[in-house]
Amino acid sequence: MLETRTLCKNFGALEVARELNFRLERGARHALIGPNGAGKTTFINLLTGLLAPSRGSVFLGGEEVTTLTQAKRVKRGIARTFQINQLFRGLTVLENVCIAVSERLGVGSSMLRPAGKRAEVIDEASRLIAMLKLDEDAGRRIVELPYGRQRLVEIAIALGLQPSVLLLDEPAAGIPSAESHILLDAIATLPRDIAILIIEHDMDLVFRFAERITVMVSGAIYAEGKPAEIAANREVRAVYLGNAA
Ligand SMILES: Nc1ncnc2c1ncn2[C@@H]1O[C@H](COP(=O)(O)OP(=O)(O)OP(=O)(O)O)[C@@H](O)[C@H]1O
Ligand SMILES: [Mg+2]
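Residues numbered from 1 in each chain as written. Chains lettered and ligands numbered in written order. Predicted model: local features only at pLDDT ≥ 70, side-chain atom pairs only at ≥ 80, totals over all residues.

### Some remarks on the site of ligand 1
Our working rule: In this entry, near means the residue's backbone-placed C-beta atom lies within 6 Å of the molecule or strand. Each helix corresponds to a stretch of at least 4 residues labelled H or I by DSSP, and each strand to a stretch of at least 2 residues labelled E; elements are numbered beginning at the N terminus. Classification used: nonpolar for Ala, Val, Leu, Ile, Met, Phe, Trp, Tyr, Cys and Pro, charged for Asp, Glu, Lys and Arg, polar for all others including Gly.
The environment of ligand 1 is formed by 12 residues, the closest being Phe11, Asn36, Lys40, Thr41 and Thr42. Elements with a contribution of two residues or more to the shell around ligand 1: β2 (14–24) and α1 (40–48). Looking at the shell around ligand 1, the element that brings in the most residues is α1, giving 3 residues. Tallied by class, residues from the shell around ligand 1 come to 4 nonpolar, 7 polar and 1 charged.

Next comes the structure, spelled out in structure tokens:
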């Protein structure tokens with residue numbers, strides 16, 4: 001679904017992406033791990049087009065998207081959530097998800113007045129809200145929700161774009177561990193036609209969720225494989241999993 005070839009990014013003298021050759025397979029449940037400052041968020045920013053690479057290329061579904069804007073990549077199927085959540089805090093859950101669905105359908109602000117597409121938008125938004133088990137919160141404003149539920153709303157919004165690729169940057173950050181398991185379980189049960197790449201520091205969550213793991217250290221891919229391979233890799237354990245192990 002998504003591939004990078006010799007993707008590089010420098011911030012001045014700092015190389016934050018070093019010749020990254022990466023593949024996200026169709027339907028993947030893939031985790032990207034690595035120490036703070038390894039370049040994980042930068043990598044996602046390069047995939048989505050928030051940042052332009054210094055060198056190398058990005059392909060989505062076999063087509064090169066390296067120079068496309070973020071908006072164009074979203075239309076081609078890349079959706080993301082951010083490490084810090086970004087929602088319309090004064091609006092309800094339903095309204096937030098409706099905005100995303102309206103955008104995709106190209107009906108924009110018609111949500112704000114009665115219009116032909118309105119029922120369609122609300123139906124689809126309600127379906128996504130149900131998929132993430134947010135039904136009870138649909139009419140609540142974002143500010144009234146605990147943080148863990150807010151992160152679920154962000155995922156519902158990303159799904160409103162009908163992505164083929166979903167990039168999640170630390171979706172469980174700042175959530176108590178009991179709730180973070182609920183969140184990851186919700187992500188794990190998303191439709192299999194969506195390829196998911198998740199950045200996560202909690203190794204318990206990573207190993208429950210991921211079918212493939214990439215370890216990034218100092219801007220480079222240090223190791224990649226099935227969870228059992230990563231867990232058994234002595235160097236990875238030494239460099240990164242040491243504390244957790
Ligand atoms: N816009 C920028 N300008 C300069 N340096 C940057 C910029 N963005 C990130 N960096 C640096 O690039 C490196 C990689 O940062 P990045 O945020 O990608 O790491 P990360 O792996 O996501 O870390 P964390 O686990 O803490 O979220 C860090 O040294 C960071 O300080
Ligand atoms: Mg980060």
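Here the narrative resumes.
### Concerning the packing of helix α5 (residues 147–159) against helix α6 (residues 177–188)
What counts is decided by this rule: Inter-axis angles, ranging from 0 to 180 degrees, are taken between N-to-C directions of lines fitted to C-alpha atoms, where helices are fitted over the stretch in contact. Here the angle decides the label: under 35 degrees means roughly parallel, over 145 means roughly antiparallel, 65 to 115 means roughly perpendicular, and every other value means oblique. In this scheme the crossing of two helices becomes right-handed for a clockwise turn of the near helix relative to the far one and left-handed for an anticlockwise turn of less than a right angle. Remark: residues whose backbone-derived C-beta atoms lie within 7 Å of one another are considered to be in contact.
The contact between α5 and α6 brings their axes to 10 Å, and the two run at 15°. Classified by the interaxial angle, the pair formed by α5 and α6 is roughly parallel. Seen along the crossing, α5 lies across α6 with a hand that is right-handed. Between α5 and α6, the residues in contact are Gly148, Arg151, Leu152 and Ile155 and Glu179, Leu183, Ala186 and Ile187, respectively.

### Description of the nonpolar core
Under the convention used in this document: A set of buried Ala, Val, Leu, Ile, Met, Phe, Trp, Tyr and Cys residues, joined through C-beta atoms within 7 Å, is what we mean by a nonpolar core. Partly exposed residues are those falling between the two cut-offs: more than 12 but fewer than 20 other C-beta atoms within 10 Å of their own, whereas 20 or more means buried and 12 or fewer means exposed, with C-beta atoms placed from the backbone.
Judged by nonpolar contacts, the single largest core of 68 residues is most densely connected at Val97, Ile129, Ala156 and Ile196. Setting aside chain neighbours within four positions, we find isoleucine 196 in contact with Ala28, Arg29, His30, Leu166, Leu168, Ile187 and Leu190.

### Quick notes on the sheet that holds strand β4 (residues 55–60)
Here is the rule we go by: Strand pairing is assigned whenever DSSP identifies at least 2 bridges connecting the two strands.
Taken in spatial order, the 4 strands line up as β2-β1-β4-β5 in an open sheet, and their pairing is antiparallel. Only two strands of the sheet have a single neighbouring strand rather than two, namely β2 and β5 (63–64). Contacts from α1 reach β1 (2–11), β2 and β4, with the element oriented near 60° to β2.

### Brief notes about the sheet that holds strand β7 (residues 165–169)
Taken together, the 6 strands give an open sheet; going across it, the order is β6-β7-β8-β3-β9-β10, and neighbouring strands pair in mixed fashion. Among the strands making up the open sheet, the edge pair consists of β6 (78–81) and β10 (220–225). The mean inter-strand angle of the sheet, taken between neighbouring strand axes irrespective of direction, is 20°. Relative to β10, strand β9 (residues 212–217) runs antiparallel, the two being bridged by 5 bridges. For valine 217, the partnering residue across the bridge sits in β10 and is alanine 220. Here α5 sits on the sheet in contact with β6 and β7, set at roughly 170° to β6.

### Remarks on the environment of valine 236
Structurally, valine 236 is set in helix α9 (residues 234–241). For valine 236, a count of 23 C-beta atoms within 10 Å puts it in the buried group. Considered as a pair, valine 236 and alanine 223 are 13 residues apart in the sequence and their alpha carbons are 7.3 Å apart.

### Structural notes on the packing of helix α3 (residues 93–105) against α5
Between α3 and α5, whose axes approach to 8 Å, the crossing angle comes to 25°. Considering the angle they form, α3 stands roughly parallel to α5. Crossing hand, α3 versus α5: right-handed. Here Val93, Asn96, Val97 and Ala100 of α3 lie close against α5, whose contacting residues are Val153, Ala156 and Ile157. Its residues assigned to classes, the contact of α3 with α5 shows 6 nonpolar, 1 polar and no charged.

### With respect to the pairing of strand β8 (residues 195–199)
Where burial is concerned, most of β8 is hidden: 5 out of the 5 residues are buried. Where burial is concerned, the two faces of β8 agree: the one with Ala195, Leu197 and Ile199 and the one with Ile196 and Ile198 are both buried. Relative to β8, strand β3 (residues 29–33) is paired through 4 bridges, and the arrangement is parallel. Looking at the pairing, leucine 32 lines up with isoleucine 199 of β8. Looking at chain direction, β7 and β8 are connected through 5 bridges and run parallel. Paired with leucine 168 across the two strands is isoleucine 198, which belongs to β8.

### Describing unusual backbone geometry
Backbone phi values are negative for most residues with the exception of glycine, while trans is the configuration of most peptide bonds. Backbone geometry places glutamate 19, a non-glycine residue, at a positive phi of 45°. Along the polypeptide, glutamate 19 turns up in strand β2. Since 15 C-beta atoms lie within 10 Å of it, glutamate 19 is described here as partly exposed.

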